[in-house]
Each structure stands twice: as C-alpha cells, then as structure tokens.
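Geometric and topological summary
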Amino acid sequence: MTTIRKVIIPAAGLGTRLYPITKAQPKEMLPLGRKPAIQIVAEEAVANGLDQILIITGQHKRAIEDHFDIGLNGHSSATNHNFFPNILSNGDVSFFFVRQSRPRGLGDAVAEALPFVGDEPFAVALGDAVITEGGCPAGVLQRMGELFGDRRPAAVVAVRQVPDDAVSSYGVVEPSNGVGEAFSISDIIEKPQPSEAPSNFAVTARYIFSPQIFSYIARTPKDDSGEVQLTDAMRLMLQDGHDIWAVTLASGEIRYDVGNFYEYAKAFIVMALADPEEGTALSQYVKEIVNGRHPAKAANGEEDWE
Ligand code: G1P
C-alpha cells in the first residue's frame, strides 16, 4: 500500500467574506479556542500520518510562516513541546512554504505544489476548515489514504451531506451508483444552484490526488471570476475516464470552518466551551447570558441584564 506522507495546506485565499477581520491577517490564523485554525489542520494531518507539510501562502499571510517557524529557513522541525504537543507526539514533522503570487483560485494554488510533490500521491487539507471527532483530529484522511492505496483511483475527496439550499457554497459530487461510506463519482460541479446539483454530497476540504492532477489543473479554464477551480480539474479527469472516489465523514466527524463569520463564531464557541481548563466556567457564563442574566452585573448585585 502506498504510504502518503505529503500534504498541501492551501492558505492563500483573501478571506474577503471576513473583512475587516482579515484585511491584513490570515483567516487561517483566527483562533479556535486556544489554537489558530491552521495549527489544528496541521495536527489533524500529522495524526493521519502526513508529516511533510507544504503550506501555500500569499499576501498578508506571513504570520502563518512565523507561527510554524521554530527552526530556520522556512524548513523547520516542530521541536517546541509547549506549542505543538499533538504534532510532536507523532514524531518529526517538516514544514515548507511557497507563495501563490496572485490569488487565482484553489486549483492554481495547488499547482504551486508541483516541485514539492514530484511524482508521488499527496493529500490536500484546506487551511480554513478543521475536521474533528470528539475534540480530537478526525481520521477521515487516513480512510481516504487506505481507499487510495486499495483502489488506485486518480483522486479521493471527503464529502458530507449538506441541506439542499447550501449546495451552492460547495463543490458537489454525482454518485456513480449509489452512496455509502465510500462511493465512486461520475461528476463534480463547483457551487451549483440547488436545481442543478447532482446530489447534496458536498466536497469537504480534504482530498488525495495522484500527481496526474497537475496536468489537469494546467488545462483547466478559468471560471467567470478568473479563478482556476480544483473541482473543475477533477471534472476534466472524470471526463477523461479516470476514477474518483468520495469518502463520507463518519457520524462523529464534524467540520468547522473559518470562511465566514457565522461559521467561524460557531467554531470558536464550540472549541472554547470544550477547553479542558476554562470550558466549564465559560459554559456557565454563556448559559447565564442566554438566560438573560448578565454575569458581571449579577456579581455586583445589580439588576438582571435586559
Ligand atoms: C472550496 C472548494 C469547494 C469545497 C469547499 C469546502 O470552496 O472550491 O469545492 O466544497 O472549499 O471544502 P471555498 O470554500 O474556498 O469557496
């Protein structure tokens, strides 16, 4: 079975949906509880056996390099026990960085990884979406890697079911013959209108590719907004007769993202309330607030809030 060790974490997106928070700082560095989102993504990758990490950065993203830059020269081994305990428990991890000089879409960002990847299969984990299970890194990437090793498709994507009216926010797959924990797909469409969506299984921030993807990205036309979509490159692969499989998130696996304020706020609240040290006290505080009592005023003997 192929052992996949390389993972690309694209983190070059402009984050315009979160302006002004992300006007001059990366959305991937927004905290989810005590850690920036991209650290949780890196820890998930490492927990799934991926220890060679290439992060695709861009303008206003230098904080990401600083965050992981424990060693020298942008290639650092994570040796700081205080900051990276989960990464360290899995052995040595190497970080590499490359810049996407102009924001031209997720497909274009992944194309920057060609010199790093060479001719090996590799994973992609979007830097603005974390997938956890019971507060720990989810195992979906490992299941995807096993399926890749067993069936040798051209690509594997993680999917989950979303409400029909949410399909236009995602890449959406068309199952070839029914669905299950894993299923083959016959088409994939980026952000379809609900009436044109082939299913409600949405692409969920994790991918495994054979290196063939690079030649498909190179011939993928730009979309209407001038971006090269990864989904469109996968669509060309399918049209050429390549096999692509989908792996569904397990029932306990939850995806949180920092792409827009509502999703980010939910993710932060969940992670803060699950904090081992402060979670219980914070939960009590939130309960008081939603019950209409302002804890600070109550402590001062003042009237209830509202
Ligand atoms: C990207 C992909 C999309 C995928 C989504 C979530 O969209 O283009 O196919 O469903 O991530 O993984 P974005 O959220 O960057 O617009």
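Worth saying up front: this structure is predicted, and the values here are computed from it rather than measured.

**Topic: the pattern of salt bridges**
- Taken as a whole and assessed by the stated rule, the structure comprises 16 salt bridges.
- Linking arginine 219 and aspartate 240 is a salt bridge whose minimum nitrogen-to-oxygen distance equals 3.6 Å. Placement of the pair is arginine 219 in the loop between α7 (213-218) and α8 (230-239) and aspartate 240 in the loop between α8 and β14 (244-248), with a sequence separation of 21 residues.
- When its relative accessible area of 46% is taken as the criterion, aspartate 240 is described as partly exposed.

**Looking at the sheet that holds strand β15 (residues 253-257)**
- Pairing within the open sheet is antiparallel, and its three strands lie in the order β9-β8-β15. In this open sheet, the two strands that pair with only one neighbour each are β9 (136-137) and β15.
- Examined bridge by bridge, strand β8 (residues 129-133) and β9 share two bridges and lie antiparallel to one another. Directly across from glutamate 133, in β9, lies its bridge partner cysteine 136.

**Things to note about the packing of aromatic side chains**
- Applying the stated criterion to the full structure yields seven aromatic pairs.
- Consider the rings of phenylalanine 96 and phenylalanine 116, whose centres lie 5.3 Å apart with planes at 55°: the pair is tilted. Taken as a pair, phenylalanine 96 in strand β6 (residues 94-99) and phenylalanine 116 in helix α5 (residues 114-117) lie far apart in primary sequence, 20 residues in all.
- Ring geometry for phenylalanine 122 against phenylalanine 214: centres 5.4 Å apart, planes inclined by 15°, an arrangement best described as stacked. Highlighted residues: phenylalanine 122 in strand β7 (residues 122-125) and phenylalanine 214 in helix α7, separated in sequence by 92 residues. By the burial criterion, phenylalanine 122 is buried, and phenylalanine 214 matches it.
- These aromatic residues form a ring-pair network of at least three members: Phe122, Tyr207, Phe209 and Phe214.
- In this structure, lysine 6 packs its charged tip against the face of phenylalanine 116, placed 5.1 Å from the ring centre.
- Here the guanidinium or amino end of arginine 219 rests over the ring plane of tyrosine 216, the centre of that ring lying 4.3 Å away.

**Comments concerning the pairing of strand β10 (residues 155-161)**
- In terms of burial, β10 is largely enclosed, as five of its seven residues are buried.
- Pairing between β10 and strand β13 (residues 201-209): six bridges, direction antiparallel. Paired with valine 157 across the strands is tyrosine 207, a residue of β13.
- When β10 meets β14, the two strands line up parallel, connected through five bridges. Looking at β14, one finds that alanine 155 is bridged to isoleucine 244.

**A few points about the site of the ligand**
- Taken together, Arg17, Leu126, Tyr170, Gly171, Glu190, Lys191, Val203, Thr204, Ala205, Gln229, Thr231 and Arg255 are the residues near the ligand.
- Glutamate 190 is positioned with one of its side-chain polar atoms (N or O) 2.7 Å from an oxygen atom of the ligand.
- Within the backbone of alanine 205, one N or O atom sits 2.8 Å away from an oxygen atom of the ligand.
- In isolation the ligand has 380 Å² of accessible area, and contact with the protein removes 84% of it.
- When the residues that make up the shell around the ligand are grouped by side-chain class, the tally is four nonpolar, four polar and four charged.

**Topic: helix α1 (residues 37-47)**
- Summarising burial for α1: 10 of the 11 residues are buried, a large majority.
- Every buried residue belonging to α1 is among Ala37, Ile38, Gln39, Ile40, Val41, Ala42, Glu43, Glu44, Ala45 and Val46, and all of these are buried.
- One or two steps after α1, the chain reaches glycine 49, where phi turns positive at roughly 90°.

**Things to note about the side chain of asparagine 48**
- Tracing the backbone through its elements, the reader meets asparagine 48 in the loop between α1 and β4 (52-57).
- A polar side-chain atom of asparagine 48 sits 2.9 Å from the main-chain carbonyl oxygen of alanine 138.
- Contacts of asparagine 48, omitting those with residues within four sequence positions, involve Ala138, Gly139, Val140, Leu141 and Gln142.

**Some points on the environment of leucine 32**
- Mapped onto the elements, leucine 32 comes out in strand β2 (residues 31-32).
- When residues no more than four places from it in sequence are discounted, the contact partners of leucine 32 are Ala37, Ile40, Val130, Val258, Tyr264, Ala267, Phe268 and Met271.

**Let's talk about the nonpolar core**
- Within the largest apolar cluster, 43 residues are counted, with the highest numbers of intra-cluster contacts made by Leu32, Ile53 and Ile55.
- For isoleucine 55, the residues in contact, after removing those within four places along its chain, are Ile9, Ala11, Ile38, Ile64, Phe68, Phe95, Phe96, Phe97 and Val98.
- If you look at the next biggest cluster of nonpolar residues, it comprises 38 residues, including Val117, Ala205, Tyr207 and Tyr216.

Parameters at a glance
- Residues numbered from 1 in each chain as written.
- Predicted model: local features only at pLDDT ≥ 70, side-chain atom pairs only at ≥ 80, totals over all residues.
- Heavy atoms only, no water.
- Salt bridge = Lys/Arg side-chain N within 4 Å of Asp/Glu carboxyl O.
- Helix = DSSP H or I, 4+ residues; strand = E, 2+ residues; numbered from the N terminus.
- Buried < 20%, exposed > 50% of the residue type's maximum accessible area, 1.4 Å probe, protein only.
- Pairing = 2+ DSSP bridges.
- Phe/Tyr/Trp six-rings, centres within 6.5 Å; stacked < 30°, edge-to-face > 60°.
- Lys NZ or Arg CZ within 6 Å of the ring centre and 35° of its normal.
- Near = heavy atom within 4 Å.
- Polar contact = N/O pair within 3.5 Å; in protein donor to acceptor, adjacent residues only side chain to side chain.
- Areas by Shrake-Rupley, 256 points an atom, 1.4 Å probe, with all protein chains shown as cover.
- Nonpolar A, V, L, I, M, F, W, Y, C, P; charged D, E, K, R; others polar.
- Contact = heavy atoms within 4.5 Å.
- Core = buried A, V, L, I, M, F, W, Y, C linked by side-chain atoms within 4.5 Å.

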